[in-house]
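Structural overview
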Number of protein chains: 2
Amino acid sequence: MSGKSFDTEILSVGTELLLGHVTNTDARDISEMLSKIGINVRYHTVVGDNPERLRACVEIAKSRADIIITTGGLGPTCDDLTKQILAEAFDLPLVENKAEREGLYDYIKYSRSFTPNNYAQAMLPEGCTVFHNTCGTAPGCAFEKDGKTVIMIPGPPKECRAMFAQSALPYLQKLSGGQIVSHSLRIFGIGESAVDQMFRDEMDRMRNPSMAPYAKECDCLLQVTAKADTAAEAEEMIRPVMEKAAARLGEYVYGVDVECIEEAVFALMEQNGMTFAAAESCTGGDVARRFTDIPGASAHFLGGAVTYTNEMKAKLLGIDPALIEEKGAVSYEVAYEMAARIREIAGADIGVGVTGLAGPDGDGVHEVGTVFVSMAAKDGVWVRELHLGAQRTRSFIRRMAGNHVYDMMRRYMTGLKVTA
Amino acid sequence: MSGKSFDTEILSVGTELLLGHVTNTDARDISEMLSKIGINVRYHTVVGDNPERLRACVEIAKSRADIIITTGGLGPTCDDLTKQILAEAFDLPLVENKAEREGLYDYIKYSRSFTPNNYAQAMLPEGCTVFHNTCGTAPGCAFEKDGKTVIMIPGPPKECRAMFAQSALPYLQKLSGGQIVSHSLRIFGIGESAVDQMFRDEMDRMRNPSMAPYAKECDCLLQVTAKADTAAEAEEMIRPVMEKAAARLGEYVYGVDVECIEEAVFALMEQNGMTFAAAESCTGGDVARRFTDIPGASAHFLGGAVTYTNEMKAKLLGIDPALIEEKGAVSYEVAYEMAARIREIAGADIGVGVTGLAGPDGDGVHEVGTVFVSMAAKDGVWVRELHLGAQRTRSFIRRMAGNHVYDMMRRYMTGLKVTA
């Protein structure tokens, strides 16, 4: 960003984080949102509900960051110290915000667990910008003091994500005196180091827009970021770069700005008005669960069968036990039948199947990580044979197999080659 | 711990953490393991693959912690700085460990991506205790210097968890000059604040053993921790406390030292040699997935039907469409049928069903969060009507509904009342 550096520290407050009872998804969610607007997070710190240690962490953050974002500790209990400590550290009084207090009164009067402490949530640093909480009771806030930007966000993940996206991001964009926009090409079928090699020269030359590849657990992305006076100008700078990169990456691009392949499949199903059903063995319901995580899934996902045993493949799907006996449950033929049969039973446009070995046991014939994934549609049935790695974890094998199922579907729906 | 305090800081190294591309599960996993042996984690810090910032973070850790645990940065790439920086900070040379180098040679000679950098993984601080990596290539280590304990662990979560449990925990136990043991009663059906109230007086009085309740996302636990000269003595101190607490909590205790209700159900199924099948609507495959995450699940989970639409309830389970029409998909009657039918189709000892509204849409009759969960066994069919909260997230509703399914099963198998 022009002029000012924006080194950021995210300071998460909560003893439950230090006990390992919860995972710090707030720091991850905020970091991801900040990386999309070109703000560099340099540190995550987690400290407990302890005033002295929190105070000391705030001093360290002041010494090394320009933007300090706190999560947690804004609630009504005696453990909730964040506002007090931050206000003291910046020599600001806490004053009651009338609108927030009225909102709390409305909420609390119907609540059985009212205590006067609840109103403490309406106390905010004098002069701050208030971030109203649309998913909970505690407001967050932002203020500028002593050359620092301080943002305080509630701890509960849903509230944190919502408030940061709705209130903190626009606040920070205004601060940067420009607009930073980024978009990502989401890639499956080649890895981050291959993407890096393809675009290395270009990335080394580019300043604004800039481009960078990132690996995720089972796929990767190429992010293009531009800074301009307005968002519209930044978008215009990004567009040709994205188009050129997408053309080079071709079939490996499964979407733009989607979080995962199943989201891209959902969008394609919305566009094409299609339905599907899933027959799963080793993924044990995970293919279904991933799609049904998406609100509105029921318009496209009709249902599925989790046929964890050979008998269930016969009972629920009507697959001939003799075929399973002859070819084995982990086989091209059984995968083929699973997809074809669930499609027929459900009356869906597409049926998918997964049968394989997630580990730790093999089956005496195939090694762990061998998975057959299949897709049946009106014009044919396709099967991929995967060898995902005998050393891989059960959860990696199940997730990667599911990714291949969704990859087959998105290729089919976009007219690409489904299998090699 | 006697004499020495053991304030611990976990320092996780990796720019991908600061970009929000991965979640810091290492810090959470290590914190959870340490809390079970009574070691207080006071700080988590995340810093990028940057020598200056990492160096500065190590100095801060030295100033405020007795035990410094690093994760990440032990690999063979030029970004992997942890050992260098830690060794410099404690004025120790890095020397090549012969056994590790030989192990790396064996691994690398068959690898296509060999570079001389790979051998850097065998360089370790002089005099350290080596932690061999049973899941990957990079060894970890531990050393004592300048009154500090330093432990370095690889970043990849599977490797981190395994090495910490196998090597770091025993190392730390030895250090404490005693044995700290803890066990947890896992509780479902009452919340952490209720547990806290029940045991408040007792907990305030207890020093060794000590007792504390902790909330998790959908359930809670009561942890009892004891310190003694030997593990056996510590276990003897814990036993009567646990028994007394379990007797007071009664039916709400679903297990001891298990991570989740489904693990407790798995153990009961192993003991009783039982099987089950699941018919799921709003949980979309998650009940099946949770159980099949457990290695060996196939001995007990036969399979299931994800009947996401009304038609699929008829097609896969044979439920009368007129019943669904009359009572609605989200109803006692349909839940009843789902459990009974899947049990019959699968030939399982137990069938379970879930039908409800995970949101964001209601169905015009019930509000979001209304879920009917059911269980069919040889001696009857039970149904619970749940109202999980219209403001709750989709993922909370799905997880909580699944917990109730598993709670019904574990109560049945232990002779407790299944429904109120």
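Small disclaimer: the values here were computed from a predicted structure and weren't measured.

1. Brief notes about the side chain of Gln 173 of chain B
Residue and element names in this part refer to chain B.
- Turning to its location among the elements, Gln 173 is positioned in helix H6 (residues 157-175).
- A residue is classified by how much of its surface remains accessible, and Gln 173, at 12% relative accessible area, is buried.
- Excluding residues that lie within four positions of it along the chain, Gln 173 makes contacts with Ile 37, Gly 178, Gln 179 and Ile 180.

2. Digging into the interface of chain A and chain B
- Each side of the interface is counted separately: chain A has 62 residues, and chain B has 62 residues.
- Between chain A and chain B, the buried area comes to about 5,200 Å², and carbon and sulfur atoms account for 58% of it.
- Here chain A is connected to chain B by 28 residue pairs in polar contact (both at pLDDT 80 or more).
- In this sheet, strand E14 (residues 301-306) of chain B lies alongside strand E14 (residues 301-307) of chain A in antiparallel orientation, the contact comprising four bridges. Counted as the bridge partner of Gly 304 of chain A is Val 306 of chain B from E14 of chain B.

3. A closer look at the environment of Val 287 of chain A
All names here are of chain A.
- Within the secondary structure, Val 287 sits in helix H10 (residues 286-292).
- With a relative accessible area of 1%, Val 287 lands in the buried category.
- Measuring from C-alpha to C-alpha, the distance between Val 287 and Val 405 comes to 8.1 Å, with 118 residues separating the pair along the chain.
- Val 287 has contacts with Ala 278, Glu 280, Val 354, Gly 402, Val 405 and Tyr 406, leaving out every residue within four places of it along the chain.

4. Details of the side chain of Thr 307 of chain B
- Structurally, Thr 307 of chain B is set in the loop between E14 and helix H11 (310-317).
- Filtering out sequence-adjacent residues up to four positions away, Thr 307 of chain B remains in contact with Leu 302 of chain A together with Glu 280, Ser 281, Met 312, Lys 313, Leu 316, Leu 317 and Met 338 of chain B.

5. Some details on the relation of the copies chain A and chain B
- If you rotate chain A by 180 degrees and push it 0.0 Å along the axis, it lands on chain B with an RMSD of 0.1 Å. Each copy turns onto its partner about a two-fold axis.
- Both copies present the same face, since 100% of the interface residues in chain A are matched by interface residues at the equivalent positions in chain B.

6. Quick notes on the packing of helix H7 (residues 192-205) of chain A against helix H8 (residues 231-249) of chain A
Residues and elements named next belong to chain A.
- Between H7 and H8, the least distance of the axes is 12 Å, while the angle of their chain directions is 140 degrees. With respect to H8, the axis of H7 lies oblique. Taken as a pair, H7 and H8 cross one another with a handedness that is right-handed. Contacts between H7 and H8 pair Val 195, Met 198, Phe 199 and Glu 202 from the former with Lys 244, Ala 245, Arg 248 and Leu 249 from the latter.

7. Some thoughts on the pairing of strand E17 (residues 380-387) of chain B
Residue and element names in this part refer to chain B.
- Pairing between strand E16 (residues 370-377) and E17: eight bridges, direction antiparallel. Opposite Val 371, over in E17, you have Leu 386 as the bridge partner.
- The hairpin turn running from E16 into E17, its antiparallel successor, is two residues long.

8. Notes on the sheet that holds strand E3 (residues 67-71) of chain A
- On the basis of which strands lie adjacent, the open sheet formed by 12 strands has the order E6(A)-E7(A)-E8(A)-E3(A)-E1(A)-E2(A)-E2(B)-E1(B)-E3(B)-E8(B)-E7(B)-E6(B) and mixed pairing. Unpaired on one side and paired on the other, strand E6 (129-131) of chain A together with strand E6 (129-131) of chain B mark the two borders of the sheet. Across this sheet, the average inter-strand angle for adjacent strands is 15 degrees, counted without regard to direction.
- Taken together, the six bridges between strand E1 (residues 8-13) of chain B and strand E2 (residues 41-47) of chain B define a ladder with parallel strand orientation. Within the sheet, the bridge partner assigned to Val 13 of chain B lies in E2 of chain B and is Val 47 of chain B.
- Its contacts with the sheet put helix H4 (residues 82-89) of chain A on strand E1 (8-13), E3 and strand E8 (148-153) of chain A, and the angle it makes with E8 of chain A is roughly 170 degrees.
- Relative to the sheet, helix H2 (residues 25-36) of chain B contacts E1, E2 and strand E3 (67-71) of chain B, its axis offset from that of E1 of chain B by approximately 160 degrees.

9. Focus on unusual backbone geometry
Residue and element names in this part refer to chain A.
- Gly 359 connects to Pro 360 through a cis peptide bond whose omega is 5 degrees.
- Its place among the elements puts Pro 360 in the loop between strand E15 (350-356) and strand E16 (370-377).
- A positive phi angle, close to 50 degrees, is found at Asp 146, a residue other than glycine.
- Summarising the element assignment, Asp 146 is placed in the loop between strand E7 (140-145) and E8.
- A positive phi angle is found at Asp 257, which is not glycine, with a value near 60 degrees.

10. Brief notes about the domain arrangement of chain A
All names here are of chain A.
- For chain A, the assigned domains read domain 1 (7-176), domain 2 (179-256) and domain 3 (261-413).
- Its C-alpha centre places domain 1 at a distance of 32 Å from the equivalent point of domain 2.
- Every contact between the two is made by seven residues of domain 1 and, on the other side, seven residues of domain 2.
- Taking both sides of the interface into account, the surface hidden between domain 1 and domain 2 amounts to around 580 Å²; carbon and sulfur atoms contribute 31%.
- Area buried by domain 1 at its contact with domain 2 is led by Lys 36, Gln 173 and Ser 176, which between them contribute 63% of it.
- Across the contact surface, domain 1 and domain 2 share one salt bridge.
- Across the pair Glu 32 and Lys 216 runs a salt bridge whose closest N-O atoms are separated by 3.4 Å.
- Our enumeration of links across domain 1 and domain 2 arrives at four residue pairs in polar contact (both at pLDDT 80 or more).
- Among the elements that line the side of domain 1 that touches domain 2, the one with the most residues is helix H2 (residues 25-36), at three residues.

11. Some remarks on the pairing of E16 of chain B
Residues and elements named next belong to chain B.
- Of all eight residues in E16, eight are buried, a share of seventy percent or more.
- Residues Thr 370, Phe 372, Ser 374 and Ala 376 line one face of E16 and the alternating positions Val 371, Val 373, Met 375 and Ala 377 line the opposite face, and both faces are buried.
- Taken together, the six bridges between strand E15 (residues 350-356) and E16 define a ladder with antiparallel strand orientation. Each bridged residue has a counterpart across the sheet, and for Thr 355 the counterpart in E16 is Phe 372.

12. Overview of the packing of aromatic side chains
- Summed over all chains, the structure comprises 22 aromatic pairs over all chains.
- With a centroid separation of 5.1 Å and an interplanar angle of 55 degrees, the aromatic rings of Phe 276 of chain A and Phe 301 of chain A are classed as tilted. In this pair, Phe 276 of chain A sits in strand E13 (residues 276-280) while Phe 301 of chain A sits in strand E14, placing the two residues 25 residues apart along the sequence.
- Where Phe 291 of chain A meets Phe 301 of chain A, the ring centres are 6.3 Å apart and the plane angle is 50 degrees; that geometry is what we call tilted. Placement of Phe 291 of chain A in helix H10 and of Phe 301 of chain A in strand E14 is noted, with a sequence separation of 10 residues between them.
- Taking relative accessible area as the criterion, Phe 291 of chain A reaches 0% and is therefore assigned buried.
- Ring-pair connections join several aromatic residues into one group, and the members of that group are Phe 266, Phe 276, Phe 291, Phe 301 and Tyr 406 of chain A together with Tyr 308 of chain B.

Parameters at a glance
- Residues numbered from 1 in each chain as written.
- Chains lettered and ligands numbered in written order.
- Predicted model: local features only at pLDDT ≥ 70, side-chain atom pairs only at ≥ 80, totals over all residues.
- Heavy atoms only, no water.
- Helix = DSSP H or I, 4+ residues; strand = E, 2+ residues; numbered from the N terminus.
- Buried < 20%, exposed > 50% of the residue type's maximum accessible area, 1.4 Å probe, protein only.
- Contact = heavy atoms within 4.5 Å.
- Buried area = accessible area lost by both parts, 1.4 Å probe.
- Polar contact = N/O pair within 3.5 Å; in protein donor to acceptor, adjacent residues only side chain to side chain.
- Pairing = 2+ DSSP bridges.
- Least-squares fit on C-alpha atoms with pLDDT ≥ 70 in both.
- Axes fitted to C-alpha atoms, helices over the stretch in contact; angles between N-to-C directions.
- Parallel < 35°, antiparallel > 145°, perpendicular 65-115°, else oblique.
- Left-handed = near helix turned anticlockwise from the far one by under 90°.
- Domains from an automatic or database assignment.
- Salt bridge = Lys/Arg side-chain N within 4 Å of Asp/Glu carboxyl O.
- Phe/Tyr/Trp six-rings, centres within 6.5 Å; stacked < 30°, edge-to-face > 60°.

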